[in-house]
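# A structural walkthrough
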Amino acid sequence: MKRFFSRLASVLVACALLLGMAAPSFSAKITSGQLFEFLTQDNPDYTSVTALEDDILKELRSLAGFDRDIPESLIHSYTDAYKLYTNTQILSMDTTDEGEIRTALEDGTYFWIIPFPNINGYSYNVPVFWDGETWEVGSIEEYEEGDNPSYAAPAAQRIAQLPQGDYTAVLVGGLTHIQQPVAVVFENGEARYIVESRSPIPLEGTEAQKQRLLAEGTSESDGIFQYNKIAQVVNNMPPPNPDLMGGDFIDASYLDSSSTSNQMEWVLPVGLGLAGILVIALIVAVVVRRRRAA
């Protein structure tokens, strides 16, 4: 009887292993529309943004040279517009709380990015923003045909590689050392990941150091990083040099170091203390020598 139960247990374990091997690996089945905020007609900014249609067309004509007739794609593009926050340094907030981060972003600056694909062989991103007094059209980005200008779509594709979960996200640009827009991904009320969008985040450091920044089970090419680790590196790195255009990068070697300001807080007093000890030692040595000579 004992042998029977032993064999039965072995069979059950084998079956469990086989089922486990055959089980599908679930990933986050998410579209960009579920993740990011789009300019729907019930959005409070919709009327103000669409009221700039003449200004938008004027700017586009100067770049694309298309006819004065309003292209049919324009009306459809409004609901494809998505929100992009910018120049709010959330990585220095010392928090991963979703509510606090979203509040900080809303209190800062944001754009509505209106995409215009395939106009006379080019595609365009038209940013519209509130300057504190009026709504304005910003500098338009121009791309060659076939180059998808969206920041939302590639970020959503990367997020879809994450394990099955209930995620929300925001697009953020102008972060310290990360000038290109990235997605900040929240799960269970906390910021979990920073995800690349159109452009890769330039990394420096050893492969082992870079690996510590990545989300579990991902590679550098996946472009998915741990939010708290990226924030730690950014806050430990020296401020970026404003004269180095396009020179922003994330140096993974700063992951465990103290910030530059913190270093100076102890380097100066320690240095002065050592200098003081050296002076005292020299004085004592001189006095001792004189006494011996006497």
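Read on for an overview of the structure.

Thresholds applied
Residues numbered from 1 in each chain as written. Predicted model: local features only at pLDDT ≥ 70, side-chain atom pairs only at ≥ 80, totals over all residues. Heavy atoms only, no water. Helix = DSSP H or I, 4+ residues; strand = E, 2+ residues; numbered from the N terminus. Buried < 20%, exposed > 50% of the residue type's maximum accessible area, 1.4 Å probe, protein only. Contact = heavy atoms within 4.5 Å. Arc of directions from axis to C-beta. Salt bridge = Lys/Arg side-chain N within 4 Å of Asp/Glu carboxyl O. 1 Å grid on protein atoms, 1.4 Å probe; cavity = no way out; pocket = protein on both sides within 12 Å on 5 of 7 lines; lining within 4 Å. Points joined across faces, edges and corners; volume = space filled by probe spheres on them. Nonpolar A, V, L, I, M, F, W, Y, C, P; charged D, E, K, R; others polar. Patch = residues over 30% accessible without salt bridge, like charges linked within 9 Å, V, L, I, M, F, W, Y side chains within 5 Å. Areas by Shrake-Rupley, 256 points an atom, 1.4 Å probe, with all protein chains shown as cover. Lys, Arg positive; Asp, Glu negative; His and termini not counted. Charge placed at Lys NZ, Arg CZ, Asp CG, Glu CD. Phe/Tyr/Trp six-rings, centres within 6.5 Å; stacked < 30°, edge-to-face > 60°. Lys NZ or Arg CZ within 6 Å of the ring centre and 35° of its normal.

### Notes on the environment of S77
Take S77: it is sitting in helix α5 (residues 72–78). Among the residues examined, S77 registers a relative accessible area of 3% and is labelled buried. For the pair formed by S77 and F116, sequence separation is 39 residues and the distance between their alpha carbons is 6.7 Å. The contact partners of S77, leaving out residues within four places of it in the chain, are I114, P115 and F116.

### Section: the environment of Q157
Relative to the helices and strands, Q157 resides in helix α7 (residues 152–159). The spacing of Q157 and V195 is 38 residues in sequence and 10.0 Å in space, taken between C-alpha atoms.

### Considering helix α6 (residues 98–107)
Residues of α6 that are buried include every one of E98, I101, A104 and L105, and no others. End-on, the buried residues of α6 take up no more than an arc of 135 degrees, which puts them together on one face.

### Examining the pattern of salt bridges
For the structure on display, the rule yields six salt bridges. Taking the shortest distance from any N to any O, the salt bridge between D256 and R212 comes out at 2.7 Å. Taken together, the residues span a long stretch of sequence, with D256 in the loop between β11 (250–251) and α10 (260–293) and R212 in helix α8 (residues 207–213) at a distance of 44 residues. On the basis of relative accessibility, which here comes to 55%, the residue D256 falls in the exposed class. Residue R212 is classed as partly exposed on the basis of its relative accessible area of 38%. When salt bridges that share partners are traced, they join E37, K83 and E106 into one network.

### Topic: the side chain of T86
By the secondary structure assignment, T86 is in strand β1 (residues 82–86). Residue class for T86 comes out buried when judged on its relative accessible area of 11%. Contact partners of T86, with chain neighbours within four places excluded, come to T109, F111, G173 and G174.

### Examining the layout of surface pockets
The computed volume of the largest pocket comes to approximately 280 Å³. As for the largest pocket, its lining consists of 14 residues, of which L84, F111, I113, P127 and E141 are closest to the centre. Those elements that place two or more of their residues in the lining of the largest pocket are β1 and β2 (109–119). Across the lining of the largest pocket, the residue classes tally to six nonpolar, seven polar and one charged.

### What to know about a negative patch on the surface
Residues D54, D55, E59, D131, E133 and E136 make up a contiguous surface patch of negative charge. Here the element with the most residues in the negative patch is helix α4 (residues 53–64); it accounts for three residues. With respect to the element layout, D131 can be found in the loop between β3 (122–130) and β4 (135–137).

### Re the packing of aromatic side chains
For the structure shown, the criterion picks out eight aromatic pairs. Feature note: the residues Y85, Y110, W112, W130 and W135 constitute an aromatic cluster, connected by ring pairs. In this structure, K83 packs its charged tip against the face of Y110, placed 4.2 Å from the ring centre. Above the face of the Y151 ring, R198 is positioned so that its terminal group lies 6.0 Å from the ring centre.

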